[in-house]
Structures are given as structure tokens and as C-alpha cells.
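Here's the letter readout for the chains.
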Amino acid sequence: MEIKKIHRSTRMHALLCWDIASNGILQAMKHHDRQKLQQLAKKYQWHFSPDELLAKEYEAIVVTDVTQKIQWASPGFLKMTGYSPALAKNRKPSFLQGKDTSPATRQQVREAIQQGKSIAATLLNYRRNGTPYQCYVEIQPLYNNEKLLTHFIAFEREV
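The present account deals with the structure reproduced in this document. It should be emphasised that the depicted structure is a prediction, and the values quoted were computed from it without experimental measurement. (Residues numbered from 1 in each chain as written. Predicted model: local features only at pLDDT ≥ 70, side-chain atom pairs only at ≥ 80, totals over all residues. Heavy atoms only, no water.)

## Remarks on the pairing of strand β5 (residues 149-158)
- Among the ten residues of β5, seven are classified as buried, and the element is accordingly described as predominantly covered.
- As paired elements, strand β1 (residues 60-65) and β5 share six bridges and run antiparallel to each other. If you follow Ile61 over to β5, its bridge partner there is Phe155.
- Here nine bridges tie strand β4 (residues 132-143) to β5, and the two strands are oriented antiparallel to one another. (Buried < 20%, exposed > 50% of the residue type's maximum accessible area, 1.4 Å probe, protein only. Helix = DSSP H or I, 4+ residues; strand = E, 2+ residues; numbered from the N terminus. Pairing = 2+ DSSP bridges.)

Right under this line is the structure:
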């Protein structure tokens, strides 16, 4: 009996330690994302609050230019898609889509982007190894000090 109590206690401590460690890792990733977004905001003179944006639930962040080419992706992009941010750079996010991605949803996203509007949608994307996954994405336009559309930011997570 005494051994089982110790074993359960040890298991609980291991789980608690992992919870604490994973929370620390997530906080470090968000800190990195915040720093990078602040650098980009300064460079392109964007008007937004990184803290407000980073309050969203996400696994990856993707920043595209107005031609929809990826300029930056957070480290979470690799975990979610299997593609490193370096491999994604200068490609359009549509490279993650495939034969079973809804044409109607793709069209809705395309129209919102062409109009410079925010949109949220769930797309069937494909990882680098070919496995499909449902990706919930929130896309927002980013404007500079002169109110010119310069980029889009997407917060993505697997659902």
C-alpha cells in the first residue's frame, strides 16, 4: 500500500513539473513572438498592440506582405506544418492547401484579403509529410502610419 502511494505521488509531481515546464516554454515562445512583432511593427510603422494581438489563442503566427507572400512565420509554424519558417518564406500560404481544401472557403479568404478585411476561417491544410489537418486561422490587415495596407497577420491553430 505504501509503495502505491509513493508511486502516485511521484507521478503527480512529474505531471505538475511538466505542466510548469510547458507553461514556461509557451511563455518563452510568446515572448519571442512579441519581440519579433515589435521589430516588424517598428520597421513597417504598423499601428497595433502586440500584447492585444498575442492574447489570441494560436500555435503559429504568419505575416505576409500585400502580395500574400510569407515574410515571417513564428517557430510554432514548424511544429504545426512540418515546414520551417525559412522554407515558407516568400511562398504563399496556399502552398499548405490541397485537393480537399474547400474551394468556397478559399474564395472567402481570398475576397477578404483582396478587400483588406479581417476574416476567420477553418481550412483543411496539409503538413509537409502530406497528412491533412484542420487549421483555424484569423487574418487581420496591418496598416502603417499613413493608413496604407502593408501586410497581413494570421494567427493559426489546429482544431
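## Structural notes on the packing of aromatic side chains
- All told, the structure shown has three aromatic pairs when counted by the stated rule.
- Consider the rings of Tyr83 and Phe95, whose centres lie 4.9 Å apart with planes at 85°: the pair is edge-to-face. On the criterion of sequence distance, the pair formed by Tyr83 in the loop between α3 (76-81) and α4 (85-88) and Phe95 in the loop between α4 and α5 (103-114) is long-range, its members being twelve residues apart. The same class applies to Tyr83 as to Phe95, namely buried.
- Lying across the ring of Phe95, Arg91 places its NZ or CZ 4.0 Å from the centre. (Phe/Tyr/Trp six-rings, centres within 6.5 Å; stacked < 30°, edge-to-face > 60°. Lys NZ or Arg CZ within 6 Å of the ring centre and 35° of its normal.)

## Section: the sheet that holds strand β3 (residues 119-126)
- In space, the five strands of this open sheet follow the order β2-β1-β5-β4-β3, with antiparallel pairing throughout. Of all the strands in the sheet, the pair left with one neighbour each is β2 (70-73) and β3. When the angles between neighbouring strand axes are averaged without regard to direction, this sheet yields 30°.
- Summarising the sheet, β3 and β4 pair through eight bridges and their orientation is antiparallel. Each bridged residue has a counterpart across the sheet, and for Thr122 the counterpart in β4 is Tyr136.
- Contacting β3, β4 and β5, α5 runs over the sheet at an angle of about 130° to β3. (Axes fitted to C-alpha atoms, helices over the stretch in contact; angles between N-to-C directions. Contact = heavy atoms within 4.5 Å.)

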